[in-house]
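A closer look at the structure
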Amino acid sequence: MTKSASLTFGDKTVELPVRSPTAGPDVLDIRKLYGELDVFTYDPGFTSTASCDSSITYIDGDVGELLHRGYPIEQLAEQSCFLELCYLLLYGELPSPEEMDKFRTTVTRHTMVHEQMHNFFRGFRRDAHPMATMVGVVGAMSAFYHDSTDISDPWQREVAAFRLIAKLPTIAAMAYKYSIGQPFVYPRNDLDYASNFLHMCFSVPAETYEVNPILSKAMDRIMMLHADHEQNASTSTVRLAGSSGANPFACIAAGIACLWGPAHGGANQACLEMLREIGTVDRIPEYIEKAKNKDDPFRLMGFGHRVYKNFDPRAKVMKESADEVLELMGIHNNPTLQVAKELERIALEDDYFISKKLYPNVDFYSGIILDAMGFPTSMFTPIFALSRTVGWISQWKEMISDPALKIGRPRQLYTGPAKRDYVDLAKR
Ligand code: SDX
């Protein structure tokens, strides 16, 4: 029996179909609302709006649960690896050993970028933020990979996904090398995905570089924890750009641009800078009060989330990883980690944070690990972007392959002037 909801407005009543998900709240299908009642719904920020059907990722913010194709992030972080998670997000099932080998070989063989792309970097100032470089260079991929821009061809969609997953680490590493005046380092096919990224960032031609397996495992885990997250701002940007038929490289460049904001993926850089500004545990109360002060625009970066009203499960895994990496690297009593842990403890006991259900999110601890690995804060969001690329392109593929796809075109509540006639300049 199909469920429905009645909505009465004035002298009209409309029956709205109700659809039930695998998990989460039912949805009211309002697609015929405007046609039947001549009204719009109003939901800036989309706090109560489902923008699409998706079978990729599910979040239960109340209990702090994150599933990728049904598998809990804790189990994936513990037992899987980033490239296997890429396969799962793209194809919906865990790969067989043969499927995994084929996928790994395919991605590995796409890690180099067209040699002409090296020239793009030289057009930027050395002190350009790596996110600015990545937006430009990823968008420019549209100018190089014409054989994977026809979105109506399933195989070209697949190749675009391979290229983006494979080349984003290379482009991010090139942005980093360019910013520090070191030569680009080519990818190596004998290294796994995370090790290859560390190699391209930290090796130099003047000496051999051995990837530390502890850091490589931590890097892989950080990539997994950032891979996908339902219809967040940057994923929604990718979907909206893709709904117009734009090519996949342009859509991912749009997602990178959106992720850069400090309210979203830029929070990891802002959070570490905030922890450094706080500096010592005794200054935490001062910043807690600033965060609570309505007249002060300051917010605790790395805290709060639109969906999680409990612990972000990724933050829990990240916190364990931070302890493990710093310990294994012999970095004891890291002052920034001490401030982070004490800040978390104090905030979680404070009525303001408890009443608003503000908990640490994925960005709260990630910067501490990346800093310990030797990355500058300017590389934190690029690492988020290269990790989220698989989520963006999986969601994009899901949308583009839906025959019911329509261009996204929201309406508005118009609050501007009523119609009026033009007045000549001489008469004003
Ligand atoms: C990511 O959507 C995703 O899934 C994103 C992400 C992903 O994987 O894609 O999870 C990645 O972006 C994580 C979030 C990273 N951003 C930050 O850490 C920046 C700091 N956090 C906030 O700016 C904020 O919490 C947001 C943007 C994350 C969520 O904002 P919402 O859902 O719009 O909530 P809100 O701004 O309406 O806040 C509700 C209340 C407000 O107070 P009132 O107006 O009700 O009195 O809580 C307060 C806010 O002032 N509040 C905070 C706070 N976050 C919210 N107060 C102090 N410090 C904070 N961090």
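The coordinates are above.
Nothing here was measured: the structure is a model prediction, and the numbers come from that model.

Cut-offs and rules
- Residues numbered from 1 in each chain as written.
- Predicted model: local features only at pLDDT ≥ 70, side-chain atom pairs only at ≥ 80, totals over all residues.
- Heavy atoms only, no water.
- Buried < 20%, exposed > 50% of the residue type's maximum accessible area, 1.4 Å probe, protein only.
- Helix = DSSP H or I, 4+ residues; strand = E, 2+ residues; numbered from the N terminus.
- Pairing = 2+ DSSP bridges.
- Expected span 1.5 Å × (residues − 1).
- Contact = heavy atoms within 4.5 Å.
- Axes fitted to C-alpha atoms, helices over the stretch in contact; angles between N-to-C directions.
- Parallel < 35°, antiparallel > 145°, perpendicular 65-115°, else oblique.
- Phe/Tyr/Trp six-rings, centres within 6.5 Å; stacked < 30°, edge-to-face > 60°.
- Polar contact = N/O pair within 3.5 Å; in protein donor to acceptor, adjacent residues only side chain to side chain.
- Nonpolar A, V, L, I, M, F, W, Y, C, P; charged D, E, K, R; others polar.

Notes on the pairing of strand 4 (residues 57-60)
Strand residues, when the strand is regular, have side chains that alternate between the two faces of the sheet. Here strand 4 shows no split at all, with Thr 57 and Ile 59 on one side and Tyr 58 and Asp 60 on the other all buried. Bridge analysis of strand 4 against strand 5 (residues 65-68) gives four bridges, and the strand direction is antiparallel. Considered in strand 5, the bridge of Ile 59 is made with Leu 66. The loop that links strand 4 with its antiparallel partner strand 5 comprises four residues; one of these, Gly 64, has a positive phi angle of about 75 degrees.

Examining helix 14 (residues 313-328)
Helix length check: helix 14 (16 residues) gives 23 Å between terminal C-alpha atoms against 22 Å at 1.5 Å per residue, within 8%. Restricting attention to buried positions, one finds in helix 14 the residues Pro 313, Arg 314, Ala 315, Val 317, Met 318, Ser 321, Ala 322, Val 325 and Leu 326. Of the surrounding elements, those touching the buried residues of helix 14 are strand 5, helix 2 (73-79), helix 9 (213-225), helix 15 (335-349), helix 17 (363-373) and helix 18 (380-400).

Notes on the packing of helix 12 (residues 267-278) against helix 15
Two elements in contact, helix 12 and helix 15, have axes whose closest approach is 9 Å; the angle formed by their N-to-C orientations is 95 degrees. Taken together, the axes of helix 12 and helix 15 are roughly perpendicular relative to one another. Where helix 12 approaches helix 15, its residues Leu 272, Met 274, Leu 275 and Ile 278 are matched on the opposing element by Thr 336, Val 339, Ala 340 and Leu 343.

Quick notes on the packing of aromatic side chains
Evaluated as defined, the whole model comprises 21 aromatic pairs. Here the aromatic rings of Tyr 287 and Phe 298 are separated by 5.7 Å at their centres, their planes lie at 65 degrees, and the arrangement is edge-to-face. Here Tyr 287 is found in helix 13 (residues 284-292), whereas its partner Phe 298 is found in the loop between helix 13 and helix 14, with 11 residues between them in sequence. Grouping residues by exposure puts Tyr 287 and Phe 298 together as buried. Here the aromatic residues Tyr 87, Tyr 91, Phe 103, Trp 155 and Phe 162 are joined through ring pairs into a cluster of three or more.

Some words on helix 9
If you check helix 9, its first and last C-alpha atoms are 18 Å apart, about what 13 residues at 1.5 Å a residue would give, namely 18 Å. For helix 9, a buried count of 10 out of 13 residues is recorded, marking the element as mostly surrounded by other parts of the structure. Within helix 9, the full set of buried residues consists of Leu 215, Ser 216, Ala 218, Met 219, Asp 220, Arg 221, Ile 222, Met 223, Met 224 and Leu 225. As for helix 9, its buried residues are in contact with helix 2, helix 3 (82-91), helix 8 (193-202), helix 14, helix 17 and helix 18. The N-capping residue of helix 9, defined by a side-chain oxygen 2.7 Å from the backbone nitrogen of Ile 214, is Asn 212.

Here we look at the packing of helix 17 against helix 18
At a minimum axis separation of 10 Å, helix 17 and helix 18 run at an interaxial angle of 110 degrees. The angle between helix 17 and helix 18 falls in the class roughly perpendicular. Mapping the contact onto sequence places Asp 363, Gly 367, Leu 370 and Asp 371 in helix 17 and Phe 380, Ile 383 and Phe 384 in helix 18. Taken together, the residues that form the contact of helix 17 with helix 18 break down as four nonpolar, one polar and two charged.

A few points about the sheet that holds strand 4
Pairing between the strands of a sheet comes from backbone hydrogen bonds, and it takes one of two forms, parallel or antiparallel. Spatial ordering of the open sheet is given by 4-5-6, a layout of three strands whose pairing is antiparallel. Each edge of the open sheet is held by one strand with a lone partner, namely strand 4 and strand 6 (71-72). Summarising the sheet, strand 5 and strand 6 pair through two bridges and their orientation is antiparallel. Bridge pairing links His 68 to Tyr 71 in strand 6.

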